[in-house]
Amino acid sequence: METALEKVERPDVVDPKEEKKQKWEKILSPILTSLTILFIIIGALFVFVDSYYMTIYVDGSSMSPTLQNKEFGLVNPNKRALENIKRGDIIVFKQYSGGSDESFSYYIKRIIALPNESIYFTEGFQEFDKVMIKEVGAEDYVLLDEPYLTDAAKLRTAPANMEKFPLTLEENNFFVMGDNRANSEDSRRNIVGTVTKDRIVGVLCLIQGYVDEINTTVVDGELKTTYKGKHFYLLWKMRRY
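Note that the coordinates shown come from a computational prediction; the quantities given were computed from them, not determined experimentally.

Criteria and thresholds
Residues numbered from 1 in each chain as written. Predicted model: local features only at pLDDT ≥ 70, side-chain atom pairs only at ≥ 80, totals over all residues. Heavy atoms only, no water. Helix = DSSP H or I, 4+ residues; strand = E, 2+ residues; numbered from the N terminus. Buried < 20%, exposed > 50% of the residue type's maximum accessible area, 1.4 Å probe, protein only. Contact = heavy atoms within 4.5 Å. Areas by Shrake-Rupley, 256 points an atom, 1.4 Å probe, with all protein chains shown as cover. Core = buried A, V, L, I, M, F, W, Y, C linked by side-chain atoms within 4.5 Å. Pairing = 2+ DSSP bridges. Lys, Arg positive; Asp, Glu negative; His and termini not counted. Salt bridge = Lys/Arg side-chain N within 4 Å of Asp/Glu carboxyl O. pLDDT = per-residue confidence, 0-100. Polar contact = N/O pair within 3.5 Å; in protein donor to acceptor, adjacent residues only side chain to side chain.

Moving on to the overall build of the protein. Along the protein, the regular secondary structure elements total three helices and 13 strands. Counting all 241 residues of the protein, 33% fall into the buried class. Intrachain contacts of the protein at a sequence separation of at least 6 include 60% that bridge at least 24 residues. Of the roughly 16000 Å² of accessible surface on the protein, 52% is carried by carbon and sulfur atoms.

Generally speaking, soluble globular proteins have nonpolar side chains that are buried together. Core analysis: the biggest nonpolar cluster contains 13 residues, and Ile 85, Ile 91, Phe 93, Ile 111, Phe 174, Val 176 and Ile 200 have the highest contact counts within it. Breaking this core down by element, the ones donating at least two residues are α2 (79-83), β3 (90-97), β9 (173-177) and β11 (200-219). In this structure Phe 93 touches Ser 105, Tyr 106, Tyr 107, Lys 109, Val 176, Val 192, Val 195, Arg 199, Ile 200 and Val 201, once residues within four positions along its chain are discounted.

As summarised here, the arrangement of the four strands in space is β7-β6-β5-β8, forming an open sheet in which the pairing is antiparallel. Each end of this open sheet is capped by a strand with a single partner; those strands are β7 (142-143) and β8 (167-168). Bridging between strand β5 (residues 118-122) and β8 involves two bridges; their strand directions are antiparallel. The residue of β8 that forms the bridge with Ser 118 is Thr 168.

All right, on to the environment of Cys 205 then. In this fold, Cys 205 is placed in strand β11. Residue class for Cys 205 comes out partly exposed when judged on its relative accessible area of 44%. Beyond its immediate chain neighbours, meaning those up to four positions away, Cys 205 contacts Tyr 53, Leu 74, Val 75 and Asn 76.

Here Arg 199 shows up in the loop between β10 (195-196) and β11. Here Arg 199 is buried and forms no salt bridge, its nearest opposite-charge partner Asp 198 lying at an N-O distance of 6.0 Å.

Let's shift gears to the confidence of the model for the protein. Averaged over all residues, the pLDDT of the protein is 82; the fraction at 70 or higher stands at 78%. Within the protein, no element has a lower average pLDDT than strand β13 (residues 239-240), which sits at 60, and none a higher one than β9, at 98.

With that out of the way, let us pick up the side chain of Gln 95. Here Gln 95 lies in strand β3. Residue classification places Gln 95 among the buried positions, given a relative accessible area of 8%. Only 2.7 Å separates the side chain of Gln 95 from the side chain of Arg 199, close enough to count as a polar contact. Residue contacts for Gln 95: discarding those within four places in its chain leaves Ser 103, Phe 104, Ser 105, Tyr 107, Ile 191, Val 192 and Arg 199.

Note: β5 against strand β6 (residues 130-134), five bridges, orientation antiparallel. Note that in β6 the partner of Thr 122 across the bridge is Lys 130.

All chains considered together, the criterion is met by seven salt bridges. Among the ionic pairs, Arg 87 bridges to Glu 117, the shortest N-O distance being 2.8 Å. Placement of the pair is Arg 87 in the loop between α2 and β3 and Glu 117 in the loop between β4 (100-113) and β5, with a sequence separation of 30 residues. Look at Glu 117 and you get buried, because its relative accessible area is 4%. Arg 110 is paired through a salt bridge with Asp 179; the nearest N and O atoms lie 2.7 Å apart. On the criterion of sequence distance, the pair formed by Arg 110 in strand β4 and Asp 179 in the loop between β9 and β10 is long-range, its members being 69 residues apart.

Here it is, written out as C-alpha cells:
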C-alpha cells in the first residue's frame, strides 16, 4: 500500500545580517538618489552662473554702507540687463586713464540720472544737500529720494564744482555717484564725468559674503591671485572692481 507523506511548509530561514543590510538599503537608496540629483542641480547652477554672470569683489569704501570693502557678489553683463538700466541700479563700468583704451580700472557706482535728464545740486549748509532731477519731458525739477544714504552722506553730496550745474546729460550718458558721498570718485568730478553706455560692464544683481584673504604671487612669470572667503562664490574666478 502506497502512502504519501504530507508536505509541511516551513518558513525560510533569513540571515539576520542580510535582513539588516536590506533594511539599510531601503533607507539609503532614496537618500543617495536625492543627493545625486542635488549635486547635479548644484553643478548645473555653477555652470549657468559662470556662463551668464561675472563674480566681483569690492575694493574700497566708496559705496559704503550699501557695499563694504572686500564684499563680493555677482554682476549681470548680459544685453537685457544693459538695455534696462534704471535709476538706483548699481553698475560696474570701465574708468579709462592715461588717454588709452587699454589702461583702465573698474568702478562700481549707483545710477543717479539717466540719458537726456537734467541734474543739479543745492548745498544745504546746516541742512542736507539736495539732488534735483528733471526727467525727460518734465517741466520742473524734483527732489531725488535717496533712502540708501546715511545722514552723513546727505551732508556731503554737493560737488565742489557747482558752477557746471545744471547739467543735461547727452544720449547714452549716465550720471553716477557712490553712496559714500564724502569718499567717492564719480560723475561729480571732471576726471570721471558722465558714463557712456559702452563703458558699462554690467549691473550688480547680488552681493553675498566677504573675501577674507587675497594673495598675489608670480608663477612662471605670470601674476596669479588666489582668494579665501566664507562662501562658495569664491570657486569662480574673481574680478577686481
